[in-house]
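# Breakdown of the fold
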Amino acid sequence: MPEWFYMLLGYIVVFLFGIIIGSFLNVCIFREPKQESLLANSHCMHCGYELRWYDLVPLFSYLILRGRCRKCHTKISLQYPLVEGLNGALYVIVFLANGWNLTSIVYCLLTSALIVLSVIDWRTTRIPDKVNVVILLLGIFATLLDLSNWRDHLIGMVCVSAVLWIIFLVSVGRAMGGGDAKLMTGAGLALGALPILFAFIIGCVVGSVIHVGRMLISHADKKLAFGPYLAFGIWFSMLFGAPIIEWYLRMCGLM
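### What about the overall build of the protein chain?
- The secondary structure content of the protein chain amounts to 10 helices and 0 strands.
- Starting at the N terminus, the α and β elements of the protein chain follow one another as α-α-α-α-α-α-α-α-α-α.
- Its C-alpha atoms put the protein chain at 65 × 55 × 35 Å along the principal axes.
- When the 255 residues of the protein chain are sorted by exposure, 42% land in the buried category.
- Residue pairs in contact within the protein chain that sit at least 24 positions apart in sequence constitute 66% of those at least 6 positions apart.
- Total accessible area computed for the protein chain in this model is approximately 14500 Å², and 71% of it derives from carbon and sulfur atoms.
- Taking the average location of the 18 positive side-chain charges in the protein chain and that of its 13 negative ones, the two points are 10 Å from each other.

See the structure below:
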């Protein structure tokens, strides 16, 4: 068999694994804000029908059931296939961009955590502490896989988050949420100093542009759910930040 066939097979496996994890992410997204157990059996939120294993096959069950509950035929949220498909696709992108190594596994799990916090924060303007703990643990794993640069990871842990914590404390939570500061603590440990600074800049720029646009077009509230924009910045910088940062430093004569 040609090498490309095995590579393609590998990416298919990564995608399938990603949509399976994506199915669990939906459970976290719907149940965490309600403080419900993540281990309870899945059920229709309209009629209570307890889903069978064949109702839970990621993406395919939704398509086969045409987006409706098998029993009461109520429409199933489009979020289910979107999160599953997005998680699978982003897993593939992580491996394409970062290669076949242990760090890519950590980055995939970090991607999943960022999806969960983004959706929850978008809906509730709150980032769950449990998700931030997971991101912090992933930051520790990423540091252990890059021990030669452990100082950079530790600097990354505080160089952005310290500023956000000061803003949070001085404004008593009005200008900045504690969840955002916690997010940048764990993510900074995972990425390192310059990548987390780049991630923060991206998050601020994208957040400003999109939210101002939403305020002008759909009269969105001035209160900003910052988590999704920070999450995008973190994910982008994690995979594509290094060459951009290197180019910028060379342009400035710092390399």
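### Some points on the packing of helix α1 (residues 3–31) against helix α4 (residues 102–124)
- The geometry of α1 relative to α4 is characterised by a closest axis approach of 10 Å and an angle of 30° between their N-to-C directions. Taken as axis vectors, α1 and α4 run roughly parallel relative to one another. The way α1 lies across α4 gives a crossing that is right-handed. Of α4, the residues touching α1 (which contributes Ile21, Leu25, Cys28, Ile29 and Phe30) are Ser112, Ile115, Val116, Val119, Ile120 and Arg123.
- Within the contact of α1 with α4, the residues separate by chemical class into 9 nonpolar, 1 polar and 1 charged.

### Overview of the pattern of salt bridges
- Within the structure shown, the criterion is met by 3 salt bridges.
- Of the charged contacts in the structure, one is a salt bridge between Arg250 and Glu246, with a shortest N-O distance of 3.1 Å. Of the two residues, Arg250 and Glu246 both sit in helix α10 (residues 227–251), 4 residues apart, roughly one turn of that helix.

### Some remarks on the packing of α1 against helix α3 (residues 79–98)
- With their axes 7 Å apart at the nearest point, α1 and α3 run at an angle of 135° to one another. With respect to α3, the axis of α1 lies oblique. Every pair of crossing elements has a handedness; the one defined by α1 and α3 is right-handed.
- Per-class residue counts for the contact of α1 with α3 are 16 nonpolar, 8 polar and 1 charged.

Cut-off values and rules
Residues numbered from 1 in each chain as written. Predicted model: local features only at pLDDT ≥ 70, side-chain atom pairs only at ≥ 80, totals over all residues. Heavy atoms only, no water. Helix = DSSP H or I, 4+ residues; strand = E, 2+ residues; numbered from the N terminus. Buried < 20%, exposed > 50% of the residue type's maximum accessible area, 1.4 Å probe, protein only. Contact = heavy atoms within 4.5 Å. Areas by Shrake-Rupley, 256 points an atom, 1.4 Å probe, with all protein chains shown as cover. Lys, Arg positive; Asp, Glu negative; His and termini not counted. Charge placed at Lys NZ, Arg CZ, Asp CG, Glu CD. Axes fitted to C-alpha atoms, helices over the stretch in contact; angles between N-to-C directions. Parallel < 35°, antiparallel > 145°, perpendicular 65-115°, else oblique. Left-handed = near helix turned anticlockwise from the far one by under 90°. Nonpolar A, V, L, I, M, F, W, Y, C, P; charged D, E, K, R; others polar. Salt bridge = Lys/Arg side-chain N within 4 Å of Asp/Glu carboxyl O.

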